[in-house]
Amino acid sequence: ALGTRRADAFIAVKFGALRDPAGGFTGIDLRPVAIKNALAYSLKRLGTDYVDLYQPARMDPTVPIEDVVGALADLVKAGYVRHIGLSEAGATTIERAHAVHPITAIQMEYSLVSRSIETAVLPTCRRLGIGVTAYGVLSRGLLSSAANAKRYAQGQDFRIYSPRFQGDNLTANLALITAFEALSTRLGCAPTELALAWVFSRGSDIVPLIGARRRTQLSQALSALTHSFAAADLDQAAAIFAGTVAGERYNAHGMMMLDSEKA
């Protein structure tokens, strides 16, 4: 797709996730030898000789972060990687990693309904000059509309395992989404635009990741950049979900994999 325009693109790659033949997640492998092996395959598949941002999908509790970043630093020195990133890393891990080699970006879930990074991770990143690439800004579609949330809860994708889409949690969250939809209607925008605009408003060091599959979704995402929202409107949107969202962002096993959620 890029051809001779490789230098015009910024390619970010996550690595380390282990899969079974059916595609199920079985863990994470961040041994230095595994990191280099994973990059070798990525470079071949992508048809490029370097990756701009290389980041583990999760932290590996069996490998010290110093060893992980040390291996990545070797790849930077060799010219195969331009920048080092992390994903779902806690503040202490970020500090330790940054002491070995500068960390450029941290990929974290961040949205109106997932704000745990504000406690320690975001302040640490800002003190160290590390950017945040925010995923899950629509909370897997929960923030798109109540109708969509109901439909996703009845689907067959990973959301059937998400606590926020299950049972009483879904019922409670639908009430919040309904109020959020009413606010967005009053402001003359789609719920998606308002949710994205709130993330955009949190700082220029936070870059929302947009998972648009259709042009209409992309159009709504881009509208969040141009729609003028008063600070009071964004605060009202945040107040709807403050401390009232039902269910964790992953199931129990998934939460155990998040270094960012550990005390």
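Check the entry above for the structure.
What counts as what
Each chain carries its own residue numbering, running from 1 in the direction its sequence is written. Where totals are concerned, whole chains, interfaces and linings use all residues; where local detail is concerned, this predicted model gives features only for residues with pLDDT of at least 70, and gives and counts side-chain atom pairs only at 80 or more. Note that the side-chain values use all heavy atoms of the structure and ignore hydrogens as well as water. The numbering of helices and of strands both runs from the N terminus, where a helix is a DSSP run of H or I of at least 4 residues and a strand a run of E of at least 2. Note on classification: 1.4 Å probe, protein chains only; a residue is buried when its accessible area is under 20% of the maximum for its type, exposed when over 50%, partly exposed between these limits. Residue exposure ignores everything except the shown protein chains as possible cover, and the areas themselves are Shrake-Rupley values with a 1.4 Å probe. Asp and Glu count as negative and Lys and Arg as positive, but His and the ends of the chain are not part of the count. Where a charge lies is defined by one atom per residue type, namely NZ (Lys), CZ (Arg), CG (Asp) and CD (Glu). The term nonpolar core refers to a set of buried residues drawn from Ala, Val, Leu, Ile, Met, Phe, Trp, Tyr and Cys, joined through side-chain atoms within 4.5 Å. Whether two residues are in contact is decided by their heavy atoms, any of which lying within 4.5 Å being enough. As defined here, a cavity is a set of points on a 1 Å grid over the protein atoms alone where a 1.4 Å probe fits but cannot get out. A pocket is an open set with protein on both sides within 12 Å along at least five of seven lines, and residues line them when an atom is within 4 Å of a point. Grid points are joined across faces, edges and corners, and a volume is the space filled by probe spheres set on the points. Any residue outside Ala, Val, Leu, Ile, Met, Phe, Trp, Tyr, Cys, Pro, Asp, Glu, Lys and Arg is labelled polar, Gly included; the first ten of those are nonpolar and the last four are charged. Salt-bridge detection follows one rule: a side-chain nitrogen of Lys or Arg within 4 Å of a carboxyl oxygen of Asp or Glu. Inter-axis angles, ranging from 0 to 180 degrees, are taken between N-to-C directions of lines fitted to C-alpha atoms, where helices are fitted over the stretch in contact. Relative orientations are named as follows: roughly parallel for angles under 35 degrees, roughly antiparallel for angles over 145 degrees, roughly perpendicular for angles from 65 to 115 degrees, and oblique for any other angle. Left-handed describes a crossing in which the near helix is turned anticlockwise from the far one by less than a right angle; the clockwise case is right-handed. Between rings of Phe, Tyr and Trp, where Trp is taken as its six-membered ring, a pair exists when centres lie within 6.5 Å; planes separated by under 30 degrees are stacked, by over 60 edge-to-face, and by other angles tilted. Criterion for a charge above a ring: Arg CZ or Lys NZ at most 6 Å from the ring centre, at most 35 degrees from the ring normal.

A short note on the overall build of the chain
Here's step 1: Broken down by element type, the chain carries 10 helices and 8 strands.
Here's step 2: Considering the chain as a whole, with its 263 residues, one finds that 49% of them fall into the buried category.
Here's step 3: Approximately 13,300 Å² of the chain is accessible, and the part contributed by carbon and sulfur atoms is 55%.
Here's step 4: For the chain, the separation between the mean place of its 27 positive charges and that of its 23 negative charges on side chains is 5 Å.

Structural notes on the nonpolar core
Here's step 1: One finds Tyr54, Leu86, Leu112, Phe180, Leu194 and Phe241 to be the most contacted residues of the largest nonpolar core, which totals 70 residues.
Here's step 2: For Leu112, the contacting residues outside a window of four places in its chain are Leu143, Phe180, Ala195, Trp198, Ala237, Ala238 and Phe241.

Some remarks on empty space enclosed by the protein
Here's step 1: Applying the stated criterion to the full structure yields 1 cavity of 30 Å³ or more.
Here's step 2: Space inside the largest cavity adds up to approximately 30 Å³.
Here's step 3: Looking at the lining of the largest cavity residue by residue, the class counts come to 1 nonpolar, 2 polar and 4 charged.

Observations concerning the layout of surface pockets
Here's step 1: Counted as a void, the largest pocket has a volume near 930 Å³.
Here's step 2: Lining the largest pocket are 32 residues, with Leu138, Arg140, Gly141, Arg159 and Gly211 positioned closest to its centre.
Here's step 3: Going through the elements one at a time, helix H5 (146–153), helix H7 (191–200) and helix H8 (215–226) are the ones with two or more residues in the lining of the largest pocket.
Here's step 4: Each residue belonging to the lining of the largest pocket can be placed in one class, and the counts come to 13 nonpolar, 11 polar and 8 charged.
Here's step 5: Of the voids in this model, the second largest pocket is the one considered here, and its volume is about 640 Å³.
Here's step 6: Lining of the second largest pocket is provided by 19 residues; of these, Arg19, Phe25, Arg58, Tyr250 and Gly254 occupy positions nearest its centre.
Here's step 7: At the level of secondary structure, the elements contributing two or more residues to the lining of the second largest pocket comprise strand E2 (17–19), strand E3 (25–28) and helix H10 (252–256).

Comments concerning the pattern of salt bridges
Charged atoms that come close allow side chains of opposite charge to pair.
Here's step 1: Counted by the stated rule, this structure contains 11 salt bridges.
Here's step 2: Among the charged side chains, a network of salt bridges with common partners joins Glu88, Glu109, Arg140, Arg249 and Glu261.

A short note on the packing of helix H2 (residues 65–78) against helix H3 (residues 91–100)
Here's step 1: Where H2 contacts H3, the two axes come as close as 9 Å, and the packing angle between them is 40 degrees. Overall, the two elements H2 and H3 adopt an arrangement that is oblique. Regarding H2 and H3, the two cross each other, and that crossing is right-handed. From H2, Ile65, Glu66, Val69 and Gly70 reach across to H3, where they touch Thr93, Arg96, Ala97 and Val100.
Here's step 2: Considered class by class, the residues forming the contact of H2 with H3 number 4 nonpolar, 2 polar and 2 charged.

Regarding the packing of aromatic side chains
Here's step 1: What the rule picks out here adds up to 3 aromatic pairs.
Here's step 2: Their ring planes at 15 degrees and their centres at 4.2 Å tell us that Phe15 and Tyr54 sit as a pair that is stacked. One end of the pair, Phe15, is in strand E1 (residues 12–15); the other, Tyr54, is in strand E4 (residues 51–56), with 39 residues separating them in the sequence. Tyr54 carries the same exposure label as Phe15, and that label is buried.
Here's step 3: Their ring planes at 55 degrees and their centres at 5.5 Å tell us that Tyr110 and Trp198 sit as a pair that is tilted. Taken together, the residues span a long stretch of sequence, with Tyr110 in the loop between strand E6 (105–109) and helix H4 (121–128) and Trp198 in helix H7 at a distance of 88 residues.
Here's step 4: According to the relative accessible area criterion, Trp198 is buried, its value standing at 1%.
Here's step 5: One Lys or Arg, Arg6, reaches over the ring of Tyr50 and ends 4.0 Å from the middle of that ring.
Here's step 6: The lysine or arginine in question, Lys14, covers the ring of Tyr135, its NZ or CZ lying 5.7 Å from the ring centre.

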